[in-house]
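# A look at the structure
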Number of protein chains: 2
Amino acid sequence: MIMNTYELLGEERSLIATLNDVAKLANVSKMTVSRVINHPDKVTNDLKQLVYQAMHEVDYHPNMAAKALVNNSTQIIKFCVLEDIDTTEPYYMNLMIGIARALDAQQYSLQLVTRQNFDIGNCDGYVVTGMRKKDFDWIGNLKKPVVIFGENRFGFDYVDTNNKAGTFMISELAVKRGYKRLIFIGMDSHESFEYSREAGYLQLIQENQMVSEIHRFDNHSHLSQQFIIENWDDFGPDTCFICASDRLALGAERGIESCGGLIPVDYGVTGFDGVFLNQVAFPRITTVKQSIVEMGMACGEKLLNKIVNHIDKDGSLMFEPKISMGGTVRDSSK
Amino acid sequence: MIMNTYELLGEERSLIATLNDVAKLANVSKMTVSRVINHPDKVTNDLKQLVYQAMHEVDYHPNMAAKALVNNSTQIIKFCVLEDIDTTEPYYMNLMIGIARALDAQQYSLQLVTRQNFDIGNCDGYVVTGMRKKDFDWIGNLKKPVVIFGENRFGFDYVDTNNKAGTFMISELAVKRGYKRLIFIGMDSHESFEYSREAGYLQLIQENQMVSEIHRFDNHSHLSQQFIIENWDDFGPDTCFICASDRLALGAERGIESCGGLIPVDYGVTGFDGVFLNQVAFPRITTVKQSIVEMGMACGEKLLNKIVNHIDKDGSLMFEPKISMGGTVRDSSK
DNA sequence: TTGTAAGCGTTATCAC
DNA sequence: GTGATAACGCTTACAA
C-alpha cells in the first residue's frame, strides 16, 4: 500500500523515512511536520491530523543524529559507577535498566562509564552512583546536569530509598515479633545512607526504651559471620540482628547457624537491599526491599527534566521501601 | 595561549572547536583536517604535523552527531539482555563494563535494552545475551550486525568461555586432590553452554575410567542444597560435587555443611562463573573463573569490526577460563 | 498559521 | 595531494 501511494505520487522512496517524505505525503512543508512534533500547539488540527497519518503511513522516526547536530546536544547520558568493579553490587544492573527505560522514551542513550573512562566523549548529563565524600568536589565542577543515586548532604539532587524509614520499619517488625534484643550490624562507612540506616534503628530503639547496640564492619559477609561466632556466648535467644545490608545479613545468618542457633525461632536476622543476595540465602533473608528499577527510572526522568527544561535544581526523591518477607524473622510473636 | 592565537588571527572562537577551527589555525581546508583523521595516508607528512598540532591546540574532538548524520549511522550499540531481570546474574554488569570500554574507543555508546524496549530507537549493531533456543529465529532476522555473548550452534558469531575446558580442568583438579567420586550438578537447561560444561566433566571421567553421575536442577541454590540433604546417606567422604554454576555450588556447600560434612577435608565443591557469588560464600568457592570484562571488550571489538569494515561473519572467540582457588577443594591429596 | 532559507559539523565527490 | 561544493535530516529565524 505504501509503495502504491508513492508510485502514484511519482516520488522516490528513501530507505528510511525523513521529514521530507512525511511532508510530501501530507502535502505540507517540512516545517509543518517538524512543528507537529515539537510545537503541536502551533499547528491547526486539520493539518495535524494529516501529518500524523502521513507519519504513521511511512513509519517515520526522527533522526536523532540530525536533531542532536542542530540542537548542539549529544543525546547521551553517562551512567557513572564510581565504586570498584570488584565490589560492584548486583543491583546496579537493575538501576541501569530503570534509567535506560526512562531515557528510551526520549531517545536518549545510556553510556556506562567508570573512573577510568569518565572523560572520553561528550554527553548531555550524568547519573552518578557509588560516590564517596571525596568525589563531591569534582562532581560539583561538572558543567552538565547531574543526578546522584544515593542520598547526600552536599546539596546535589538525588534519588534514594528512605533509608531511615527502612530500618525503622524492619526493627519495628522485629520487636513486634517478640525479639527482645536488637543488635545493629552496620557498615563501617561514613556515607549518608549508613547514618540514615542507623538513625532508623536508633529511633525505634528509643521509642521502645531499649538499649542500642551498634557494631560496624566493612561490607563483607565473612566479617559479620566472624563477629557472631566470636561473640556467640553473649547472644541469648530472642536476639535479632538488624543488618545494614543483605551481605552482612548473609554472614550473620551463617554465623548463627554454624553456632547452632535456630533461625527464626530463637534468633532473627534482617537485611537491607532486597536484590539478589537475599534470595540466594537460605532461608531467604527478611529484608528491606528497595524498588531499584523504579528508582532508576526516577533518576532518568529527573535528569531529562533538568536537561530539557534547563532546570538547575529539581529537588530530591525518596522512595519508601517495603519489607520483603523471608524466613529469618518469625511469623508471629512466639 | 589559545585565546591569544585566536586574537592574533582575528578569528571568533566557538565554544567547542570544530573542523573549521582546526583548519583555519593550520591554514588548510576542512577536508585536509578530515582526511588527516580518516585517511591519514592521503595527506603529506608536513601537513599532517601541522594539523595534529592545531587539533591539539584547540583541543579538537569530532562531533559525533555530525559524523553520524553524514555517515547514516547512529553510533549506538544495543546491549540486549533477554534473560529475566529477576534472574539477572551480577556478571552482566561486568560484561557491560567491558563492552562499554571497547565502544568508548570509537565513540560508540551503549544502550541497554530488554525484550520490552528492544525496538525503540535505531542502532548500528547488537550484543545479545541470555538467549534461548527460541530466540534464534528473530535474532537471525535483524538487519544489523550481531555478536552473541554465549556459545551457540546456530552459526552466530559469539564470544564465550571455553566451557568444556573449564569443567575438565576443575574436575581434573578434584581428582588430583584425591576425591574418588565426582558428581556433576548441572543446570536443567538445553542450552549449549550447559552441554559443554557437562562434556568437560564427562571427558575427565572417561579418561580416568570413573563412573559419571549427572543430576540437573534449575539454577537455584536451594535445589542443589535440597538434593544434597535428601541423599546425604549416599555420599561418603572423598566425594566432590562439580557444579555447573556458583549458585548451585553455593547450595551444595550449604547442604553439606548442614549435614555435618567437612569441607574441604571430606567433601569438595566446585563452581563455575567466578563473579561475586563465589566470593560471598564461606568458605569461598573454588570455581572456574571467567574473564567477564575481557569477554565484554571482545564482544565490543568484534561488533565494531563488523560494523566499520562491513564484515558479515567474523568467527567466534573462546576465552580460556582459569581456576580460582577458594576453600572448597583441599590443598593437596590427603 | 504556514512556508522559505540558512546553517549545525562532518564527509564523499569531483575538480584542480 | 589538496580544496571547493553539496549533501546528510533537522530546527531556528524570519518572511509571507
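All values reported here derive from a predicted model rather than from experimental measurement.

Once that is clear, we can look at the overall build of chain A. Counting secondary structure elements, chain A contains 13 helices and 12 strands. In summary, chain A has a C-alpha radius of gyration of 27 Å against a globular reference of 20 Å for 334 residues, an excess of more than 25%. Each of the three principal axes of chain A carries a C-alpha extent, and together these read 90 × 45 × 35 Å. Taken across its 334 residues, chain A has 55% of its residues classed as buried. A separation of at least 24 residues holds for 71% of the contacts in chain A among residues at least 6 apart in sequence. For chain A, the computed accessible surface area is about 15400 Å², with 50% contributed by carbon and sulfur atoms.

Looking now at the sheet that holds strand 9 (residues 267–273) of chain A. Residues and elements named next belong to chain A. If you walk across this open sheet you meet the 6 strands as 7-6-8-9-10-12, and the pairing is mixed. Lying at the two open borders of the sheet, with one neighbouring strand each, are strand 7 (213–217) and strand 12 (322–324). Ignoring strand direction, the axes of neighbouring strands in this sheet form an average angle of 25 degrees. Alignment of strand 6 (residues 181–187) against strand 7, held across 5 bridges, turns out to be parallel. What sits directly across from Ile183, in strand 7, is Glu213. Along the sheet, helix 11 (residues 246–258) contacts strand 6, strand 8 (239–243), strand 9 and strand 10 (286–289); its crossing angle with strand 9, the most-contacted strand, is approximately 160 degrees.

Take the relation of the copies chain B and chain A next. Between the two copies, chain B and chain A, the superposition gives an RMSD of 0.1 Å; the rotation angle is 180 degrees and the shift along the axis is 0.0 Å. Such a combination of turn and shift is consistent with a two-fold rotation axis. Taken as a fraction of all interface residues of chain B, those also at the interface in chain A reach 100%, which identifies the copy contact as same-surface.

Time to look at the protein's contact with DNA strand C. Around DNA strand C sit 25 residues, and of these Thr32(A), Arg35(A), Thr44(A), Leu19(B) and Tyr60(B) come closest. Backbone atoms, meaning sugar and phosphate, form 60% of the atoms of DNA strand C found within 4 Å of the protein. Interatomic distance of 2.6 Å between a side-chain N/O atom of Arg35(A) and a base nitrogen of DNA strand C. Here a base oxygen of DNA strand C sits 3.1 Å away from a polar atom, N or O, in the side chain of Lys30(B). Residues belonging to the surface near DNA strand C are distributed by class as follows: 13 nonpolar, 9 polar and 3 charged.

Let us look at the interface of chain B and chain A. Of the residues lining the interface, 47 residues belong to chain B; the matching set on chain A comes to 47 residues. Buried area between chain B and chain A, summed over both chains or domains, comes out near 3800 Å², and the portion from carbon and sulfur atoms is 66%. Counting every contact that joins chain B to chain A gives 0 salt bridges. Mapped onto the side of chain B that touches chain A, the elements with two or more residues apiece are helix 5 (64–71), strand 1 (76–81), helix 6 (91–104), strand 2 (109–113), helix 10 (221–230), helix 11 (246–258) and helix 12 (277–280) of chain B. Grouping the constituent residues of the side of chain B that touches chain A by class yields 25 nonpolar, 16 polar and 6 charged.

So, about the nonpolar core. Formed by 132 residues in total, the largest nonpolar core has its most connected members in Phe79(A) and Phe79(B). The residues touching Phe79(B), leaving out its near neighbours within four places in the chain, are Met93(A), Tyr92(B), Leu95(B), Met96(B), Ile99(B), Leu110(B), Gln111(B), Leu112(B), Val113(B), Val127(B) and Thr129(B).

Taken from the UniProt record, the annotation "domain: HTH lacI-type" (unreviewed entry) applies to residues 17–71 of chain A. In residues 17–71 of chain A, the share of helix is 71% and the share of strand is 0%. The end C-alpha atoms are 20 Å apart.

With that out of the way, let us pick up the packing of aromatic side chains. For any pair of aromatic rings, the description rests on two quantities: the centre-to-centre distance and the angle between the ring planes. Residues and elements named next belong to chain A. Overall, the coordinates contain 23 aromatic pairs over all chains when judged by the stated rule. For the pair Tyr91 and Tyr92, a centre-to-centre distance of 5.1 Å together with 70 degrees between the ring planes defines the contact as edge-to-face. Tyr92 shares its class with Tyr91; the two are buried. Seen in terms of ring centroids, Phe136 and Phe154 are 4.1 Å apart; in terms of plane orientation they differ by 15 degrees. Their pairing is stacked. A residue pair is termed long-range when its members are at least 10 positions apart, and Phe136 in helix 7 (residues 136–140) and Phe154 in the loop between strand 4 (146–149) and strand 5 (158–161) qualify at 18 residues. We classify Phe136 as buried; its relative accessible area is 9%. Through a chain of ring-to-ring contacts, the aromatic side chains of Phe217, Phe227, Trp232, Phe235, Phe241 and Tyr267 assemble into a single cluster. Directly above the aromatic system of Tyr179 lies the positively charged group of Arg330, at a separation of 4.0 Å from the ring centroid.

Taken together, the neighbourhood of DNA strand D is formed by 26 residues, with Leu19(A), Met31(A), Tyr60(A), Thr32(B) and Arg35(B) sitting nearest. Taking the atoms of DNA strand D that fall within 4 Å of the protein, sugar and phosphate contribute 60% of them. At 2.4 Å, a side-chain N or O of Tyr60(A) approaches a phosphate oxygen of DNA strand D. Here a base nitrogen of DNA strand D sits 2.5 Å away from a polar atom, N or O, in the side chain of Arg35(B). Those elements giving two or more residues to the surface near DNA strand D turn out to be helix 3 (30–38) and helix 5 (64–71) of chain A together with helix 3 (30–38) and helix 5 of chain B. Considering each element in turn, the surface near DNA strand D owes the most residues, 5 residues, to helix 5 of chain A. Classifying every residue of the surface near DNA strand D by side-chain character gives 13 nonpolar, 9 polar and 4 charged.

All names here are of chain B. Counting buried positions along strand 1 yields 6 of 6 residues, so the element is predominantly enclosed. Burial along strand 1 is two-sided: the face carrying Ile76, Lys78 and Cys80 and the face carrying Ile77, Phe79 and Val81 are both buried. Of the pairings in the sheet, the one linking strand 1 to strand 2 comprises 5 bridges and is parallel in character. Bridge assignment links Phe79 to a residue of strand 2, and that residue is Leu112. Pairing analysis gives 5 bridges linking strand 1 to strand 3 (residues 125–129), with the strands arranged parallel.

Residue and element names in this part refer to chain A. This model, assessed by the stated rule, comprises 20 salt bridges over all chains. For Glu191, the salt bridge goes to Arg132, with nearest N and O atoms at 3.8 Å. Placement of Glu191 in the loop between strand 6 and helix 9 (192–207) and of Arg132 in the loop between strand 3 (125–129) and helix 7 is noted, with a sequence separation of 59 residues between them. Since its relative accessible area comes to 12%, Glu191 is described here as buried. By relative accessible area, Arg132 is classed as partly exposed at 29%. Put simply, Asp157 and Lys306 hold a salt bridge, and the shortest N to O gap is 2.9 Å. One end of the pair, Asp157, is in the loop between strand 4 and strand 5; the other, Lys306, is in helix 13 (residues 292–309), with 149 residues separating them in the sequence. Lys306 matches Asp157 in its accessibility class, with the two residues each being buried. Among the charged side chains, a salt-bridge network with shared partners connects Asp157, Lys306 and Lys313.

Bringing the side chain of Thr286(A) into the picture now. By the element assignment, Thr286(A) lies in strand 10. For Thr286(A), the contacting residues outside a window of four places in its chain are Ile170(A), Leu173(A), Val269(A), Thr270(A), Gly271(A), Ile323(A), Ser324(A), Met325(A), Gly326(A), Gly327(A), Thr328(A) and Val329(A).

This part is about the packing of helix 8 (residues 163–176) of chain A against helix 9 of chain A. Relative placement of two packed helices is described by the angle separating their axes and the distance separating the axes. Residues and elements named next belong to chain A. Taken N-terminus to C-terminus, the directions of helix 8 and helix 9 make an angle of 35 degrees; their axes are 7 Å apart at the nearest point. In terms of crossing hand, the pair formed by helix 8 and helix 9 is right-handed. On helix 9, the residues that touch Asn163, Lys164, Thr167, Phe168, Ser171, Glu172 and Val175 of helix 8 are Phe193, Ser196, Arg197, Ala199, Gly200, Tyr201, Gln203, Leu204 and Glu207. Residue classes in the contact of helix 8 with helix 9 are distributed as 6 nonpolar, 6 polar and 4 charged.

Criteria and thresholds
Residues numbered from 1 in each chain as written. Chains lettered and ligands numbered in written order. Predicted model: local features only at pLDDT ≥ 70, side-chain atom pairs only at ≥ 80, totals over all residues. Heavy atoms only, no water. Helix = DSSP H or I, 4+ residues; strand = E, 2+ residues; numbered from the N terminus. Rg over C-alpha atoms; globule rule 2.2 N^0.38 Å. Buried < 20%, exposed > 50% of the residue type's maximum accessible area, 1.4 Å probe, protein only. Contact = heavy atoms within 4.5 Å. Areas by Shrake-Rupley, 256 points an atom, 1.4 Å probe, with all protein chains shown as cover. Pairing = 2+ DSSP bridges. Axes fitted to C-alpha atoms, helices over the stretch in contact; angles between N-to-C directions. Least-squares fit on C-alpha atoms with pLDDT ≥ 70 in both. Near = heavy atom within 4 Å. Polar contact = N/O pair within 3.5 Å; in protein donor to acceptor, adjacent residues only side chain to side chain. Nonpolar A, V, L, I, M, F, W, Y, C, P; charged D, E, K, R; others polar. Buried area = accessible area lost by both parts, 1.4 Å probe. Salt bridge = Lys/Arg side-chain N within 4 Å of Asp/Glu carboxyl O. Core = buried A, V, L, I, M, F, W, Y, C linked by side-chain atoms within 4.5 Å. UniProt positions renumbered as here; feature names shortened; annotations may be inferred. Phe/Tyr/Trp six-rings, centres within 6.5 Å; stacked < 30°, edge-to-face > 60°. Lys NZ or Arg CZ within 6 Å of the ring centre and 35° of its normal. Left-handed = near helix turned anticlockwise from the far one by under 90°.

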